[in-house]
Amino acid sequence: MSSIQFVIDRDPYEREFHQAVSEVLESIQPVLEKNIHYRREAILERLVEPERVFIFRVPWVDDQGQVRVNRGFRIQMNSAIGPYKGGLRFHPSVNLSILKFLAFEQVFKNALTSLPMGGGKGGADFDPKGKSDNEVMRFCQSFMTELFRHIGPDTDVPAGDIGVGAREIGYLFGMYKRLAREFTGVLTGKSLNWGGSLIRPEATGYGNVYFAAEMLATRGETLEGKTCLISGAGNVAQFTLEKLIDLGARPVTFSDSSGYIYDPAGIDRPKLDYLKRLKNVQRGRVSQYVEFCPDAVFTPVDPAREYNPLWDHKAECAFPGATQNEINDQDARHLVNNGVYLVSEGANMPTTPDGINIFIDRGILYGPSKAANAGGVTVSGLEMSQNSMRLNWPREEVDKRLKGIMKDIHRMCRETAERYGVPGNYMTGANIAGFVKVVDSMIDQGVV
Ligand code: NDP
């Protein structure tokens, strides 16, 4: 196999999965040409086939006594370098294609962290928005009733993702513990009181900003004073905003699925604290931000839109932090025409292939998600280490390790890109570095 056609023929409806595989396949062509033994090993065919997939019914009872049914999934994609590791997503759009793309990306991302973690992903087409805490708890308990037999601290260690935050991880962990009759580090993103790691909530957003700072440093620049566009208003976006503010940047946007906020005066600490309370405690919508900042502008989502106006403001840096394919080719053109010369991806695969081509052709600093957002899984890996050792590292220690690993990932992507004749192309660098580590480990372990 050397083309995406094999994957399309096999699973014709999995568009997001084709997109993720296709990006990697294009990048690794030079490696395949140099290593013809990969062909005999059918390494690509093995890489795109999950080791295991579970799909299961998740029945639960809502507050009105009505029985509801959702579909649960866990993709155990690749365990060549460690137990499967990757988040759980609860969102109505969840399906096999989206989770396979996320699991596939996760395999390479985890390899880049240098920690011993394989790749997996899971979730359900359940929407926690608008549900009571009790409904979310009943759903999580039903979901874990099936999932618990497939996971374990040395087998598969899920974490959060869209729609799965501290509340959901708590309910999931409680049920796991009850069913398995053991207290182990089977999930990451746990609360501090019962096995969580300091800096885990912050890790993806902080890590993304650390990666961006490394990219800027190659041009002798810092984030100080830079105007930044951010999308999303959840975990990743909030801590991207926080670190940008800490480093003296000027973030001016954020969003949720109802629309986006543009705050031309810049988002500072008190405004961010308001946003965190709004999203994490009141579980409100971003439009409510204008009650606190009347000078900010809320623009609702237009379902017929061809581009996202959030990306059409003057700025120097952009940090997509909501979801996949949120920057299309028009958005990418708007970004570069408005002066953006750094895009660092907090969300997974937020840019379409045409959008990526524009970034690469225009020579901007483009940090692909599997490198730029690896901070989350990095600290999840550190949480697993702390759980195994039965101790907690202080905040400074975890942050220092996170920063060090993001720096190493940046260096690895950069050096690999240079070695393969595409200097400055972090996407090719990340894909090749992750790929070589995973497939060489697979070959070492025989045909399994
Ligand atoms: P959250 O659920 O905390 O926040 C997601 C945010 O994105 C919300 O503001 C949500 O709006 C918005 N959003 C989600 N789906 C859509 C959509 N289809 N259209 C428009 N807006 C949308 O999730 P996270 O912050 O954890 O995750 C965000 C991204 O980062 C995802 O791509 C995730 O895979 C990636 N990521 C997360 C990591 C983590 O550690 N949490 C690690 C690495 C990557 P609304 O509330 O209205 O739905």
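**Student:** Tell me about helix α9 (residues 203–217), residues and numbers included.
**Tutor:** Along its 15 residues, α9 runs 21 Å from first to last C-alpha, staying within 8% of the 21 Å computed at 1.5 Å per residue. With 12 of 15 residues buried, α9 is to be regarded as a mostly interior element.

**Student:** Break down the packing of α9 against helix α16 (residues 375–389) for me, citing the residues and quoting the values.
**Tutor:** Between α9 and α16, the shortest axis-to-axis distance is 7 Å and the interhelical angle comes to 125 degrees. Considering the angle they form, α9 stands oblique to α16. Crossing handedness for the pair α9 and α16: right-handed. Contacts from A203, T204 and G207 in α9 reach G375, G376 and V379 in α16. By residue class, the composition of the contact of α9 with α16 is two nonpolar, four polar and no charged.

**Student:** Would you mind going over the nonpolar core in detail, with residue names and values included?
**Tutor:** For soluble globular proteins, nonpolar side chains are generally found buried alongside one another. Counting 53 residues, the largest nonpolar core has F254, F319 and I409 as its most contacted members. No other element matches α9, which puts eight residues into this core. Those residues in contact with I409 that sit more than four places away from it in its chain are L112, T113, F211, A371 and A374. With 36 residues, the next largest nonpolar core counts V7, V24, I98 and M442 among its residues.

**Student:** Could you give an account of the site of the ligand, with specific residues and numbers?
**Tutor:** Taken together, 24 residues form the shell around the ligand, and within it K129, D161, T204, S257 and R285 come nearest. G163 places a main-chain nitrogen or oxygen 2.9 Å from an oxygen atom of the ligand. Between the ligand and V236, the relevant distance is 2.9 Å, taken from an oxygen atom to a main-chain nitrogen or oxygen of the residue. Contact with the protein chains covers 82% of the free accessible surface of the ligand, which is 890 Å². If you list the elements that add at least two residues to the shell around the ligand, you get α10 (235–246) and β8 (253–256). The residue inventory of the shell around the ligand, partitioned by class, reads five nonpolar, 13 polar and six charged.

**Student:** Describe the packing of aromatic side chains, and please don't skip the residues or the numbers.
**Tutor:** Within this structure, the stated rule accounts for 20 aromatic pairs. Ring geometry for F173 versus W194: centroids 5.1 Å apart, planes at 25 degrees, classification stacked. Of this pair, F173 sits in helix α8 (residues 166–180) while W194 sits in the loop between α8 and α9, and the two are 21 residues apart along the sequence. Here W194 falls in the partly exposed class, since its relative accessible area comes to 24%. Relative to Y426, the ring of F211 has its centre 5.8 Å away and its plane inclined at 70 degrees; by these criteria the two rings are edge-to-face. On the criterion of sequence distance, the pair formed by F211 in helix α9 and Y426 in helix α18 (residues 426–444) is long-range, its members being 215 residues apart. Both residues of the pair, F211 and Y426, count as buried. Aromatic ring contacts, followed pair by pair, group F56, W60, F90, F126, F139 and F143 into a single cluster. Just above the ring of F126 sits the side chain of K131; from NZ or CZ to the centre is 5.2 Å.

**Student:** Describe the sheet that holds strand β5 (residues 156–159), and please don't skip the residues or the numbers.
**Tutor:** Each strand in a sheet pairs with another by means of backbone hydrogen bonds, the pair being arranged parallel or else antiparallel. What the five strands build is an open sheet, ordered β1-β2-β4-β3-β5; its pairing is mixed. Only two strands of the sheet have a single neighbouring strand rather than two, namely β1 (52–61) and β5. The average undirected angle you get between the axes of adjacent strands in this sheet is 20 degrees. Here β1 runs beside strand β2 (residues 67–78); their pairing, made up of 10 bridges, is antiparallel. Along β2, the bridge assignment pairs P59 with V69. Helix-sheet contacts for helix α6 (residues 96–112) involve β1, β2, β3 (84–90) and β4 (119–124), and the interaxial angle to β4 is about 150 degrees.

**Student:** Provide a residue-level description of the pattern of salt bridges, including the pertinent values.
**Tutor:** All told, the structure shown has 30 salt bridges when counted by the stated rule. Measuring nitrogen to oxygen at the nearest pair gives 2.8 Å for the salt bridge that ties E383 to K190. Taken together, the positions of E383 in helix α16 and K190 in the loop between α8 and α9 put the pair 193 residues apart, joining distant regions of the chain. Classification of K190 as buried rests on a relative accessible area of 6%. Put simply, R395 and E202 hold a salt bridge, and the shortest N to O gap is 3.3 Å. Taken together, the residues R395 in helix α17 (residues 395–419) and E202 in the loop between α8 and α9 connect sequence positions 193 residues apart. Exposure remark for R395: the relative accessible area of 34% places this residue in the partly exposed category. Classification of E202 by relative accessible area gives buried; the value is 10%.

Conventions we followed
- Residues numbered from 1 in each chain as written.
- Predicted model: local features only at pLDDT ≥ 70, side-chain atom pairs only at ≥ 80, totals over all residues.
- Heavy atoms only, no water.
- Helix = DSSP H or I, 4+ residues; strand = E, 2+ residues; numbered from the N terminus.
- Expected span 1.5 Å × (residues − 1).
- Buried < 20%, exposed > 50% of the residue type's maximum accessible area, 1.4 Å probe, protein only.
- Axes fitted to C-alpha atoms, helices over the stretch in contact; angles between N-to-C directions.
- Parallel < 35°, antiparallel > 145°, perpendicular 65-115°, else oblique.
- Left-handed = near helix turned anticlockwise from the far one by under 90°.
- Contact = heavy atoms within 4.5 Å.
- Nonpolar A, V, L, I, M, F, W, Y, C, P; charged D, E, K, R; others polar.
- Core = buried A, V, L, I, M, F, W, Y, C linked by side-chain atoms within 4.5 Å.
- Near = heavy atom within 4 Å.
- Polar contact = N/O pair within 3.5 Å; in protein donor to acceptor, adjacent residues only side chain to side chain.
- Areas by Shrake-Rupley, 256 points an atom, 1.4 Å probe, with all protein chains shown as cover.
- Phe/Tyr/Trp six-rings, centres within 6.5 Å; stacked < 30°, edge-to-face > 60°.
- Lys NZ or Arg CZ within 6 Å of the ring centre and 35° of its normal.
- Pairing = 2+ DSSP bridges.
- Salt bridge = Lys/Arg side-chain N within 4 Å of Asp/Glu carboxyl O.

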